[in-house]
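# Observations on chain architecture
Residues per chain, in single letters:
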2 protein chains.
Amino acid sequence: MTAPLHEAHPAGPGRALPDTQQGMRRRNLARVLHAVRAEGPLSRAAVASRIGLTRAAVSTLVDELVRSGLIEELGPERPGRVGRPGSALAVSGRGPAGIGAEIGVDHLAVCAVDLRGTTRSRAIRQGANRGRSPGPVIAELTELIGRVVAEAEGEGLWPAGLAVAVPGLVARDARTVVRAPNLDWHDTDLGGLLPADLPLTVDNEANFGALAELWLEDGTPRDFLHVSAEIGIGAAVVVDGGLLRGTRGFAGELGHVPVRPDGPACACGGRGCLEQYAGEEAVLRAAGLEPDEDRVGLLAGRAAKGDEDVRRALRDAGTALGVALTGAVNLLDPQSVVLGGELSGLAPWLLPSLREELARRTAGPACPVSVSRLGPEGPLLGAAHSVVRAVLDDPAAVAARA
Amino acid sequence: MTAPLHEAHPAGPGRALPDTQQGMRRRNLARVLHAVRAEGPLSRAAVASRIGLTRAAVSTLVDELVRSGLIEELGPERPGRVGRPGSALAVSGRGPAGIGAEIGVDHLAVCAVDLRGTTRSRAIRQGANRGRSPGPVIAELTELIGRVVAEAEGEGLWPAGLAVAVPGLVARDARTVVRAPNLDWHDTDLGGLLPADLPLTVDNEANFGALAELWLEDGTPRDFLHVSAEIGIGAAVVVDGGLLRGTRGFAGELGHVPVRPDGPACACGGRGCLEQYAGEEAVLRAAGLEPDEDRVGLLAGRAAKGDEDVRRALRDAGTALGVALTGAVNLLDPQSVVLGGELSGLAPWLLPSLREELARRTAGPACPVSVSRLGPEGPLLGAAHSVVRAVLDDPAAVAARA
């Protein structure tokens, strides 16, 4: 194994760049871009004071970022300030865009996010993907990607990369879907099926959901467990602001943590896995309902109307989640647990029994459990923003391709 | 929270030292010392070629390490080599020593390890510590420490620091035992009770056991789960060669992972925790035996003689370990699981059912499970070697105190 398993999210931008003069220039480009993005509009002088470089050095760096289309000049700052008016700088709304895509069990979605973090274009296609072979699904996804890219290009943006969220295990090559049981895909190299002209990253949807939480929500701790679900239940383990990926890239398989070792058989070969109690189809079964495309909508609708069978099924699912999370919290000692993805839509009925179970199994104060405000949007946004973050962390790499 | 949760074991020595000229000198001292330790005896020229510095620079660094007593000159290298004979350098056997200590439920142990990694002095005291207040236990431990330090000093060594392994949860201050249920200690600041003249680090015994595995055994992967037990069952999570500590320092609480959610009540407030099935006292109970001081010896002895009740109890304990480890492996995706500490003595009777359970609950190849060759020695050795590693990684800090 050569890649580090723990990808620290750089505390400062571009931390991993080499320690040479060229590396220093690249790091400083990133520092300027991050400063402008976080606090802009800013004058060159303000950037220089923020990051502790000379005005002259910052000017050179800014010029390069402006030439590459990553920063734009908004014109002179409003008068009334001391000194010669400087031109206010802002991150460009017409530069590179991150293209995020999501392959769900029942939908495909694509979006484009600009450097400012604004979603500029979206496309979604409802329809079951389960049991379909990867080729036609990726062909449809590619068509959506084309549509979103065209719309973004119409607004002066250009795609800097593509990140795809999948409901399954992804190898550490960030291309190969090793196992997505609820699509019935195995060892599928998406790199060979997707457009070759964009840098590609494929990752598990729970991982992208966790990154979205980390990047887009205020107050997210740097150590948390992000639980996500469609039919399967996945988790992302975030340690010190980075994803814990595991030896093969398979860390976070919460859905196959045994909850009742003698429980019903699971497709994984085990028995009584969490998925058998808290996966969406398991909950539908427990509530006596037929499988449906809009599983969460059906369950949430009935629970809201007071359907006692559905409420009981969701209560039991919460209890099972509490048992599995007790184990996870004991092993990882995170600062919090966040319920994200589709699961967040059922939180009102899952949370009470989940929290109760976690509390009664914990010595001392129980680990806090919260619900993602990004909800089902998390994985798609996390994917698109992962491309944007890569640009912000090393703008020189992108400028070279612009 | 300010401290990083993931302590990367430096890939090169002294990685974390500041990036100044002074920092560079300290890093280079560490590189010289590591090179001599790993490949010595070496001449100055050989060290220079190993680490890519000039002979002159290495000579200056070596002189400083010789003056501080960390390196010794063995005299001229044997003739027959090309060029002027250089003096062969070796890590000193008379320099700083790491003092390791272990507070077990039924014993106290102390050892001194020199820079070469050789254990130079040991002391052990059998006797139950359960329910004794910390004061008298630490007084006895201090007496053992004094004896071991005196013996080491008699051989020309001097103590560079003290590391203490405890069977419980330790706060991130590395001094306070937050909870050691099987000693019945709570919020005990060992820093106030132990000799103040030595730099002190207190850590969980499973953590020190895992570090011993990582440092002393060939072929240990950089990502593994180290399971350790006395009456409680602890684990250490090693990710990319460093310990995953968790927010409060409590990561690795495998003993309280629920195995059967409706099982017997546990002191932690939960039910059916792993400790209720695979802890030493639980196994004695299941085998119909009375509690005993030498629990592992009693169980291993009877199992070896073919006692069917004991064998069945151990088989069931292995199954319970397999269920809990299935959850841990699903969450962490480690390269392997290592059984260490006292638990290793029971491995012949635990492993078959443990491996079977893990395999039948795993899609694809099951995570390999091995037994530590360090066994019950692991935590004590890990403690002493953690002091030695700190010296090797930053010899300048120690030289200043020599």
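Residues numbered from 1 in each chain as written. Chains lettered and ligands numbered in written order. Predicted model: local features only at pLDDT ≥ 70, side-chain atom pairs only at ≥ 80, totals over all residues. Heavy atoms only, no water.

This next bit is on the nonpolar core. One finds Val227, Leu254 and Leu274 of chain A together with Val227, Leu254 and Leu274 of chain B to be the most contacted residues of the largest nonpolar core, which totals 92 residues. Setting aside residues no more than four positions away along its own chain, Val227 of chain B makes contact with Ile233, Gly234, Ala235, Leu254, Leu321, Leu325, Val337, Val338, Leu339, Gly340 and Leu343 of chain B. (Core = buried A, V, L, I, M, F, W, Y, C linked by side-chain atoms within 4.5 Å. Buried < 20%, exposed > 50% of the residue type's maximum accessible area, 1.4 Å probe, protein only. Contact = heavy atoms within 4.5 Å.)

With that settled, the discussion passes to the domain arrangement of chain A. Residues and elements named next belong to chain A. The domains assigned to chain A are domain 1 (21-91), domain 2 (96-210 + 379-401) and domain 3 (218-372). A straight line from the C-alpha centre of domain 2 to that of domain 3 covers 25 Å. Counting residues at the interface gives 20 residues for domain 2 and 23 residues for domain 3. On the domain 2 side of the contact with domain 3, Leu169, Arg172 and Asn207 bury the most area, a combined 29% of that side's loss. Inspection of the region where domain 2 meets domain 3 yields three salt bridges. Close ionic contact of Glu281 with Arg130 constitutes a salt bridge, the shortest N to O distance being 2.7 Å. (Domains from an automatic or database assignment. Buried area = accessible area lost by both parts, 1.4 Å probe. Salt bridge = Lys/Arg side-chain N within 4 Å of Asp/Glu carboxyl O.)

Note on the identical chains: chain B maps onto chain A by a rotation of 180° and an axial translation of 0.0 Å, with an RMSD of 0.0 Å. What the superposition gives is, in effect, a two-fold axis relating one chain to the other. When C-alpha positions in chain B are compared against the rotation axis, the closest is assigned to Arg260 of chain B, at 3.0 Å. Here 100% of the contact residues of chain B are again contact residues in chain A; the copies associate through an equivalent surface. (Least-squares fit on C-alpha atoms with pLDDT ≥ 70 in both.)

Turning next to the side chain of Asn207 of chain B. Residue and element names in this part refer to chain B. Note that Asn207 resides in helix α5 (residues 205-216). Here Asn207 falls in the buried class, since its relative accessible area comes to 5%. Setting aside its immediate chain neighbours within four residues, Asn207 contacts Ala235, Ala236, Leu243 and Arg245. (Helix = DSSP H or I, 4+ residues; strand = E, 2+ residues; numbered from the N terminus.)

A few words on the sheet that holds strand β9 (residues 185-189) of chain B. Residues and elements named next belong to chain B. One open sheet accounts for three strands, arranged β7-β8-β9; its pairing is antiparallel. The outermost strands of the open sheet, each flanked by one partner alone, are β7 (169-170) and β9. Relative to β9, strand β8 (residues 176-180) is paired through four bridges, and the arrangement is antiparallel. By the bridge assignment, Ala180 is partnered in β9 with Trp185. (Pairing = 2+ DSSP bridges.)

All names here are of chain A. In the segment running from Gly40 into Pro41, the intervening peptide bond is cis, with an omega of 0°. As for its position among the elements, Pro41 is in the loop between α1 (21-39) and α2 (44-51). We note that Asp187 has phi near 45°; this positive angle belongs to a residue other than glycine. Tracing the chain through its elements places Asp187 in strand β9 (residues 185-189).

This part takes up the packing of α1 of chain A against α2 of chain A. Residue and element names in this part refer to chain A. Contact geometry for α1 and α2: axes closest at 10 Å, N-to-C directions at 110°. Considering the angle they form, α1 stands roughly perpendicular to α2. Counted together, Arg31, Val32, Ala35, Val36 and Glu39 of α1 and Val47, Arg50 and Ile51 of α2 form the full contact between these two elements. (Axes fitted to C-alpha atoms, helices over the stretch in contact; angles between N-to-C directions. Parallel < 35°, antiparallel > 145°, perpendicular 65-115°, else oblique.)

All names here are of chain A. Strands sit in the order β5-β4-β3-β6-β10 across an open sheet of five strands; the sheet is mixed. Of all strands in the sheet, those with a lone pairing partner are β5 (119-126) and β10 (200-204), marking the two edges. Neighbouring strand axes in the sheet, compared pairwise and without regard to direction, differ in orientation by 15° on average. Across five bridges, the pairing between strand β6 (residues 158-166) and β10 is parallel. What sits directly across from Val166, in β10, is Asn204. Along the sheet face, helix α4 (residues 134-154) touches β3 (96-103), β4 (107-114), β5 and β6 and points at about 25° away from the line of β4. Set on the sheet, helix α5 (residues 205-216) makes contact with β6 and β10; between it and β10 the angle comes to about 100°.

Overall, the prediction assigns chain A a mean pLDDT of 89, with 91% of residues at 70 or greater. Across residues 1-16 of chain A, where pLDDT falls below 50, the model places 39 contacts with residues more than four positions away in sequence or in other chains. (pLDDT = per-residue confidence, 0-100.)

With that settled, the discussion passes to α5 of chain A. All names here are of chain A. A rise of 1.5 Å per residue sets the reference length of α5, with its twelve residues, at 16 Å; its end C-alpha atoms lie 16 Å apart and thus fit the reference within 8%. In terms of residue burial, α5 counts as a mostly covered element, since eleven of its twelve residues are buried. All of the buried residues along α5 are Glu205, Ala206, Asn207, Phe208, Gly209, Ala210, Leu211, Ala212, Glu213, Leu214 and Trp215. (Expected span 1.5 Å × (residues − 1).)

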